[in-house]
Number of protein chains: 2
Amino acid sequence: MEIKIAQPSGFCFGVKRSIDMVEKAVKDGKKNIQIFGPIVHNPQQIKALEEKGVKMVNNIDEIQPGTLFIRAHGISPQVHEELKKKNVEIIDATCPFVNVEQNHAKKLHDEGYQVIIIGEKNHPEALGAQGYAPGSLIIGSVEEAKSLKEVPKIGAVVQTTLEPEEVAKIVAELYHKAKEVRVYNTICQSTKMRQPAAKQLAQEVDLMIVVGGKNSGNTRRLAEVSSRIKTTYHIETAAELKKEWFKGVKKVGISAGASTPDFIINEVVEAIKKIDKEMSKEKSKKKK
Amino acid sequence: MEIKIAQPSGFCFGVKRSIDMVEKAVKDGKKNIQIFGPIVHNPQQIKALEEKGVKMVNNIDEIQPGTLFIRAHGISPQVHEELKKKNVEIIDATCPFVNVEQNHAKKLHDEGYQVIIIGEKNHPEALGAQGYAPGSLIIGSVEEAKSLKEVPKIGAVVQTTLEPEEVAKIVAELYHKAKEVRVYNTICQSTKMRQPAAKQLAQEVDLMIVVGGKNSGNTRRLAEVSSRIKTTYHIETAAELKKEWFKGVKKVGISAGASTPDFIINEVVEAIKKIDKEMSKEKSKKKK
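Values in this document were obtained by computation on a predicted structure and should not be read as measured data.

## A few points about the sheet that holds strand β12 (residues 251-256) of chain B
Residue and element names in this part refer to chain B.
(1) Moving on: Taken together, the four strands give an open sheet; going across it, the order is β1-β12-β10-β11, and neighbouring strands pair in parallel fashion. The open sheet has two free edges, formed respectively by β1 (2-5) and β11 (232-235), since each of these has just one partner strand. Each neighbouring strand pair of the sheet contributes to a mean axis angle of 20 degrees, computed without reference to strand direction.
(2) Moving on: Summarising the sheet, β1 and β12 pair through four bridges and their orientation is parallel. Looking at β12, one finds that Glu 2 is bridged to Lys 251.
(3) Moving on: Strands β1, β10 (207-211) and β12 of the sheet are contacted by helix α8 (residues 189-204), whose axis makes an angle of about 170 degrees with β12.

Here you go:
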């Protein structure tokens, strides 16, 4: 069985950078390292960091003296102000591409646009960007865009991990809602390339395995896109793989979301190789 | 037979204004009145003006001393400069909504955007607006938008008479082509309301008659939109009406393009009334 991995797969630049920053802090001996919110939508990676003594804190009240990381998703300036009041060293690991999104949201607000964050309603990145443009709205679907009131001018930014095709449909609806529509296409390059790469690979193989947290929006979308083309299983870890999926499969494709660490992808590859060997043995037994 | 006329139908604000301006010039006794290009895509209206001594000139070389009107569609600043060299009084009847489109095109160009005129390739309005943004491109279809090269920022304006739904699809494609897409929705209110009004009426009647020049883009689009819903005939004048179209028809709807004069619409209404009477007579004869 041939195994092909879509490129890019796994950690995006921003997530990789934030984890590197946390791991450096561990190495540097920083005390009581905390991350404000799960650093990445991947339970295995979180567990790996927790084993190094890093804590995820979900509420401001839980924060203890020490070091506090702002994760790649970023936070609103209002929450940032709250964090500053705590007796803690803040290290900002916001993805630079998210910073661009936040800055555009602020600029559009300052220039009098009704700001729209094209993003998922409860996604931390969208909520963070929303804080930079008071009165802005998060719009995640064509239906939501259709229900908007007409305004003189709309300024929009895009959650970095959305699927470009879906965003384009929302942009088309926004066009009907204002005399001027200004959209900053802040989807990051990594996301933009990840989905076409998965689509392409899905066309070339017999089966697709998409690896990543079930709570990771971008991994779920990757699985959706892939499943439109070829049979696709979305798994979090190698333990979920089932031998029966691989019957008659000659080529298997692997794609992984922006929040999936390399070690998980490697474990999946190794597990598929093992399944392949077992199946080959069974076959040769039958022949005998 | 009931006859319903979609509202709005017929001359848009800009065309009506330009013809009023020409007729006022005739009344004021201006000498040798010429219009640069057909004032409206309607042969009957042109004939009516020609009968008053007004001439349509299609080339700069044809211009004679006297008065020269710039029609509602507007012209490029380059052509305007050429006209100024002629020994002629220029009266600018460019539609104010087209002026808005031209000004936005210029502003976007000055601010460093790759300007896109969303419009028909050879339409005088689109060509005029293009002149305000050197290097700008006229894009009239999703396919053309797809073939664009990626650029850092796109600024777009829209030919005032396009169908909003088609433009939205082009805007969705432009979204993929730049990090920033800024669209001024310069479709005029009259066009915006005309098509939904025709669609609505098409749903309420048994037959639609769309009245207007066969060379008028907005009339053709009106007929297209209507024909998706109900049997539709696109006619230029009452003379084209055929009795057989009205067999079994209880309600007939009329819509007319932005370049269709009221007198043509009235002639069509009267002709349908006549057909209706004839058909009633034939029916009562048969009964006897």
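## Section: the packing of helix α8 (residues 189-204) of chain A against helix α9 (residues 217-227) of chain A
All names here are of chain A.
(1) Moving on: Running from N to C, α8 and α9 point in directions that differ by 35 degrees, and their axes come no closer than 9 Å. Relative to α9, the crossing made by α8 is right-handed. On α9, the residues touching Arg 194, Gln 195, Ala 198, Lys 199 and Ala 202 of α8 are Asn 218, Arg 221, Leu 222, Val 225 and Ser 226.
(2) Moving on: Its residues assigned to classes, the contact of α8 with α9 comprises four nonpolar, three polar and three charged.

## Concerning the pairing of β12 of chain B
Residue and element names in this part refer to chain B.
(1) Moving on: Counting buried residues in β12 gives five out of six residues, a clear majority hidden from the surface.
(2) Moving on: Here β10 pairs with β12 via five bridges, running parallel. Note that in β12 the partner of Val 211 across the bridge is Ala 256.

Cut-off values and rules
Residues numbered from 1 in each chain as written. Chains lettered and ligands numbered in written order. Predicted model: local features only at pLDDT ≥ 70, side-chain atom pairs only at ≥ 80, totals over all residues. Heavy atoms only, no water. Pairing = 2+ DSSP bridges. Helix = DSSP H or I, 4+ residues; strand = E, 2+ residues; numbered from the N terminus. Axes fitted to C-alpha atoms, helices over the stretch in contact; angles between N-to-C directions. Contact = heavy atoms within 4.5 Å. Left-handed = near helix turned anticlockwise from the far one by under 90°. Nonpolar A, V, L, I, M, F, W, Y, C, P; charged D, E, K, R; others polar. Buried < 20%, exposed > 50% of the residue type's maximum accessible area, 1.4 Å probe, protein only.

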